[in-house]
Amino acid sequence: GNSVTQMEGPVTLSEEAFLTINCTYTATGYPSLFWYVQYPGEGLQLLLKATKADDKGSNKGFEATYRKETTSFHLEKGSVQVSDSAVYFCALSLARSNDYKLSFGAGTTVTVRA
Amino acid sequence: DGGITQSPKYLFRKEGQNVTLSCEQNLNHDAMYWYRQDPGQGLRLIYYSQIVNDFQKGDIAEGYSVSREKKESFPLTVTSAQKNPTAFYLCASSLRRDSNQPQHFGDGTRLSIL
């Protein structure tokens, strides 16, 4: 079945540090890949997405590249801020039998200290 | 503004009681979803619906029920058969026809046992 594995947290960084969160996937077919962010007490917000191999999604200084050869979609940001403290979820969507369900990773908690 | 509204934000359930969580969207999305989030875990799919008057069980449907009488509304009932209902519940919606479309989430309902 489809599944997503992301690096375990928590991750604690200082402001302006480089952030990488690893995400790998298993899927039969060609999934669309997403990163969602969840701020404390809120729902999930789409951060970025990529729909085919070698696509790069980017938003708010975050980037992730869809790597089919390594089945990965690692999230990166060059200089984090305190406001980036949140839980980050990697997810995939694969249309099968017209069911567009998302499969989520377990989430990675990121804390950025001033 | 278009979006998804979940209510209430906090809900308490007594032993043996059924409770209903509300989810309304004005995005004109066909598909709606209910997820459960437990601490340190990813999201698990409870039920989903791709069209009015139709819905399917997700991965953890036992102890829950749903209805989809209107396109805009997808209420979730947590029944007394759900023995461990304490969790954060998230509702989402998406355009059904394209797996490249992301899911949009509400702000969640936190359910606790009295």
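A brief structural summary. (Residues numbered from 1 in each chain as written. Chains lettered and ligands numbered in written order. Predicted model: local features only at pLDDT ≥ 70, side-chain atom pairs only at ≥ 80, totals over all residues. Heavy atoms only, no water.)

**Notes on the nonpolar core**
Residues and elements named next belong to chain A. Membership of the largest hydrophobic core comes to 27 residues, with the highest contact counts inside it found for Trp35, Phe73 and Tyr88. For this core, the secondary structure elements donating two or more residues are strand E2 (11-14), strand E3 (19-21), strand E4 (23-26), strand E5 (32-38), strand E6 (44-50), strand E8 (62-65), strand E10 (86-93) and strand E12 (108-113). Among the elements that take part in this core, E10 stands out by supplying 4 residues, more than any other. Each residue touching Phe73, except ones within four places of it in the same chain, is listed here: Cys23, Leu33, Phe34, Trp35, Leu48, Lys49, Ala50, Ala64, Thr65, Tyr66 and Cys90. (Core = buried A, V, L, I, M, F, W, Y, C linked by side-chain atoms within 4.5 Å. Buried < 20%, exposed > 50% of the residue type's maximum accessible area, 1.4 Å probe, protein only. Helix = DSSP H or I, 4+ residues; strand = E, 2+ residues; numbered from the N terminus. Contact = heavy atoms within 4.5 Å.)

**Concerning the sheet that holds strand E3 (residues 19-25) of chain B**
Pairing between sheet strands relies on hydrogen bonds along the backbone, with the strands arranged either parallel or antiparallel. Residues and elements named next belong to chain B. With antiparallel pairing, the 4 strands of this open sheet are ordered in space as E1-E3-E8-E7. Each end of this open sheet is capped by a strand with a single partner; those strands are strand E1 (4-7) and strand E7 (64-66). Averaged over all pairs of adjacent strands, the angle between strand axes in this sheet comes to 20°, irrespective of strand direction. Pairing of E3 with strand E8 (residues 76-78) involves 3 bridges; the strand directions are antiparallel. Across the sheet, residue Leu21 finds its bridge partner in E8, namely Leu76. (Pairing = 2+ DSSP bridges. Axes fitted to C-alpha atoms, helices over the stretch in contact; angles between N-to-C directions.)

**Description of the packing of aromatic side chains**
In this description, an aromatic ring pair is defined by two values, namely the gap between the centres and the angle between the planes. Under the definition given, this model contains 13 aromatic pairs over all chains. Geometrically, the ring pair formed by Tyr47 of chain B and Phe55 of chain B is edge-to-face, given 5.9 Å between the ring centres and 80° between the ring planes. Using a relative accessible area of 7% as the deciding quantity, one classes Tyr47 of chain B as buried. By relative accessible area, Phe55 of chain B is classed as partly exposed at 36%. Grouping aromatic residues by their ring pairs yields a cluster made of Phe34, Tyr36, Phe89 and Phe104 of chain A together with Tyr33, Tyr35, Tyr48 and Phe105 of chain B. Sitting over the face of the ring of Phe74 of chain B, Arg68 of chain B holds its NZ or CZ atom 6.0 Å from the ring centroid. (Phe/Tyr/Trp six-rings, centres within 6.5 Å; stacked < 30°, edge-to-face > 60°. Lys NZ or Arg CZ within 6 Å of the ring centre and 35° of its normal.)

**What about the layout of surface pockets?**
Any space left empty among the atoms is revealed by the rolling of a water-sized probe across them. Roughly 500 Å³ of volume is contained in the largest pocket. Elements with a minimum of two residues in the lining of the largest pocket: E10 and E12 of chain A together with strand E9 (87-94) and strand E11 (109-113) of chain B. Here the element with the most residues in the lining of the largest pocket is E12 of chain A; it accounts for 4 residues. (1 Å grid on protein atoms, 1.4 Å probe; cavity = no way out; pocket = protein on both sides within 12 Å on 5 of 7 lines; lining within 4 Å. Points joined across faces, edges and corners; volume = space filled by probe spheres on them.)

**A few points about the sheet that holds E8 of chain A**
Residues and elements named next belong to chain A. Overall, antiparallel pairing links the 4 strands, which are arranged E3-E9-E8-E7 in an open sheet. Because the sheet does not close on itself, it has two edges, and the strands there are E3 and strand E7 (56-59). Across the sheet, the mean angle separating the axes of adjacent strands is 15° when strand polarity is ignored. Pairing analysis gives 3 bridges linking E3 to strand E9 (residues 75-77), with the strands arranged antiparallel. Following the sheet pairing, Leu19 is matched in E9 by Lys77.

**With respect to the interface of chain B and chain A**
At the junction of the two partners, chain B supplies 24 residues and chain A supplies 22 residues. One can count 0 salt bridges joining chain B with chain A. For the pair chain B and chain A, the number of links is 3 residue pairs in polar contact (both at pLDDT 80 or more). Taken together, the elements giving at least two residues each to the side of chain B that touches chain A come down to strand E4 (31-37), strand E5 (43-51) and E9 of chain B. Among the elements that take part in the side of chain B that touches chain A, E5 of chain B stands out by supplying 4 residues, more than any other. Its residues assigned to classes, the side of chain B that touches chain A shows 9 nonpolar, 10 polar and 5 charged. (Salt bridge = Lys/Arg side-chain N within 4 Å of Asp/Glu carboxyl O. Polar contact = N/O pair within 3.5 Å; in protein donor to acceptor, adjacent residues only side chain to side chain. Nonpolar A, V, L, I, M, F, W, Y, C, P; charged D, E, K, R; others polar.)

**Remarks on the pattern of salt bridges**
Under the counting rule described, the total for this entry stands at 6 salt bridges over all chains. The salt bridge involving Asp55 of chain A is made with Lys52 of chain A; its shortest N-O contact spans 3.3 Å. Between Lys56 of chain A and Glu63 of chain A there is a salt bridge, with its nearest N and O atoms 3.6 Å apart. Three or more residues are tied together by salt bridges with common partners; here these are Arg36, Asp38 and Arg44 of chain B.

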